[in-house]
Amino acid sequence: MTIVELAKRSGESISRLQEILTNVGEKINSEFDPLSIDVAELVAMEVGVNIKRLHSSEGSEILPRPAVVTVMGHVDHGKTSLLDALRQTSVAAREAGGITQHLGAFVVEMASGASITFLDTPGHAAFSAMRARGAAVTDIVVLVVAADDGVMPQTLEAMAHAKAANVPIVLAINKCDKPAADPERVKLQLASEGLLLEEMGGDVQVVCVSALKKTGLDSLEEALLLQAEMMDLKARIDGPAQAYVVEARLDKGRGPLATTIVKAGTLGTGQLVVVGCEWGRIRAIRDMVGKLADRAGPAMPVEIEGLRGLPMAGDDIIVVESEERARMLSAGRKRKFEKDRLKRLSEGKTETEEQSEEVVQRVELPIIVKADVQGTVQAVTDALKTLNSPQVFVNVVHVGVGPVSQSDVDLAQACKAYIVGFNVKNPPSSISQSATQAGIKIILHRVIYRLLEDVGNLIVDKAPGTSETRVAGEGEVLNIFELKGRSKSKGPDIKIAGCRVTDGCFSRSSTMRLLRSGEILFEGSCASLKREKQDVDAVKKGNECGLVIHNWDDFQVGDIVQCLEQVIRKPKFISSESGAVRIEC
């Protein structure tokens, strides 16, 4: 692209673009000089334009490639167990509570010699973004539904992700060996949700399987290979790689590691890459079994090491020619990312300021999130933000990958934050002690339900609550007594209501409300409460008492007197069966 073309597309003047090019160290002879793709991206970012790279396959060798299949579905419907049955291993047993909390990728070799790349996605509501990423890099979605449970909220969400990504679905009805299994009910439910099954004239293949008994797996493989054949999946082999980060984590010995899937081209060791805002030279490529490889072709999930920093899950990987270009692109993207982040923050603040006129009091709950991999950090952060309520604002002050460190404790002490560790090792005793001394609470969990429950209870405790008037007791006026002939020093005549407490309790320190024929006549403080000529603080249900109300003496037999008390109503933490959580004020 020439400078003139870029000026037209971005809406900026040629002189402004030339100035940016000079600043980034590019020599310009003419405005009709072609710019390299990296420089064009850098200039576009500087003027605030969002761009997306499109890779051309012209003149490249294009060969068939394996299908990338993502397994989606509701939590505990048997996605991981189904994959275990396909690859004859046991991942689910190693997962905390049998729940997948990562996005795993691996290749399954079929008996026919064909291979399929599988992505396993978590089913819990908090991991919606991870499922969306799974759909972004996939060719086919296997929607797993338990035959004994039917269609659930995450099943519908997975369908929505697949439809949004325009990806074909193959329906796998799991747990067909169970006595309560009813595959026909599942088919009807999905058909009513707009999924057109083959037997109903649509194009969605349906396979009944049992991961436990390993039945129906051949049919599922055949259905996937048939779907892949119909799609005629091909990719260019040569040329720079186009790849996506599926997951990223920090390893103690090897540094930042990124699980990636190559979409096209070939990724090789020694190549300089820019991944999102980070860059590095690929030091090693390992397949999902951990074996070293020189290169990775299309639809191959690999783990790369050699990056300078930890990328975000969902970032794209681009290969660049020189280290200088990699540094410049990385720095430019970081600036753009920071600029966008600050813009979003300022927009968020103005919104909350507008709302704050109505909100009486809102307490901040600062939280530091640490998790084992980048994708999980995002999922946990997003899930915690759903716990925001009109009374408590969950402020995630810092996120990171890896175990809880001393710097996290220092930061938590500075901003009085709680530390949430998800799927990370217990911190050393020295860090635990310093956290205890500083009064910092560290919450460690391996299952997202428990984590959200704990933080939800923290929010309930910290919330100021709303003040409410509650009826603490109720009584009926049975008789009226009048004190006459009192001296001037003791004030005027007084009318006393002889009452029987019919419900709850009367208290002398409370406000009294008088009702006649269901209408409120008066509210005032209690001047005197006596029982058998003795002053008392409280009178319980079933007992009789004499009552005097300040500034009111027009009692009638049959009036109802209510004793009112002020109570603080705290919010409630509510979790649904689907795994979704919220705070109800």
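Everything quoted here is computed from the prediction, not taken from an experiment.

**Student:** An account of the pairing of strand 17 (residues 316–320) is needed here, citing residue identities and associated values.
**Tutor:** Here strand 9 (residues 242–251) runs beside strand 17; their pairing, made up of 2 bridges, is antiparallel. In the strand pairing of strand 17, Tyr244 is matched with Asp316. The pairing of strand 12 (residues 272–275) with strand 17 spans 4 bridges and is antiparallel. Across the sheet, the residue bridging to Val274 is Ile318, located in strand 17.

**Student:** Describe in detail the pairing of strand 13 (residues 278–287), supporting the description with residues and values.
**Tutor:** Taken together, the 4 bridges between strand 12 and strand 13 define a ladder with antiparallel strand orientation. Across the sheet, Leu272 pairs through a bridge with Arg281, a residue of strand 13. Where strand 12 hands over to strand 13, the hairpin turn is made up of 2 residues, of which Gly276 adopts a positive phi near 60 degrees. Examined bridge by bridge, strand 13 and strand 16 (residues 301–307) share 5 bridges and lie antiparallel to one another. Within strand 16, the position partnered with Arg286 by the bridge is Glu303.

**Student:** Let's hear about helix 12 (residues 429–437): which residues, and what values?
**Tutor:** If you check which residues of helix 12 are buried, you get Ile431, Ser434 and Ala435. For helix 12, the arc enclosing every buried residue in end-on projection is 100 degrees, short of the 170-degree limit, so these residues lie on one face. The outward face of helix 12, more than 90 degrees from its buried face, is lined by the exposed residues Ser429, Gln433, Thr436 and Gln437. Positioned one or two residues after helix 12, Gly439 has a phi angle of 75 degrees, which is positive.

**Student:** Pulling in residues and values, what's your account of unusual backbone geometry?
**Tutor:** A positive phi angle, close to 65 degrees, is found at Ala299, a residue other than glycine. Relative to the elements of secondary structure, Ala299 occurs in the loop between strand 15 (295–296) and strand 16.

**Student:** Got a sec to walk through the nonpolar core? Specific residues and values, please.
**Tutor:** Note that soluble globular proteins tend to have their nonpolar side chains buried in a common cluster. Ranked by internal contacts, the top residues of the largest apolar core, which has 44 residues, are Leu267, Leu384, Leu387 and Val455. The element that contributes the greatest number of residues to this core is helix 13 (residues 448–462), accounting for 7 residues. Phe106, Val108, Ile140 and Ala211 belong to the second-largest nonpolar core, a separate cluster that totals 26 residues.

**Student:** Explain the environment of Gln413 to me, and be specific about the residues and the numbers.
**Tutor:** Mapped onto the elements, Gln413 comes out in helix 11 (residues 406–415). Judged by relative accessible area, which is 44%, Gln413 ranks as partly exposed. Along the primary structure Gln413 and Ala435 are separated by 22 residues, whereas in three dimensions their C-alpha atoms are 8.3 Å apart. Look past the residues within four positions of Gln413 in its chain and what remains in contact with it is Ala438 and Ile440.

About the cut-offs
- Along each chain, residue indices are assigned from 1 in the same order as the chain's sequence is written.
- Residue-level local features of this predicted model are given only where pLDDT is at least 70; pairs of side-chain atoms are given and counted only at 80 or more, and the full residue set underlies all totals for whole chains, interfaces and linings.
- Each side-chain value is derived from all of the structure's non-hydrogen atoms; neither hydrogens nor water enter the calculation.
- When DSSP finds two or more bridges between a pair of strands, those strands are recorded as paired.
- Numbering of helices and strands runs from the N terminus; a helix is a DSSP stretch of H or I covering at least four residues, while a strand is a stretch of E covering at least two.
- Only protein chains enter the area calculation, which uses a 1.4 Å probe; residues under 20% of their type maximum are buried, those over 50% are exposed, and those in between are partly exposed.
- By arc we mean the arc of the directions from the helix axis to the C-beta atoms, nothing more.
- What we call a nonpolar core is a set of buried Ala, Val, Leu, Ile, Met, Phe, Trp, Tyr and Cys residues that are connected through their side-chain atoms within 4.5 Å.
- It only takes one pair of heavy atoms within 4.5 Å for two residues to be counted as in contact.

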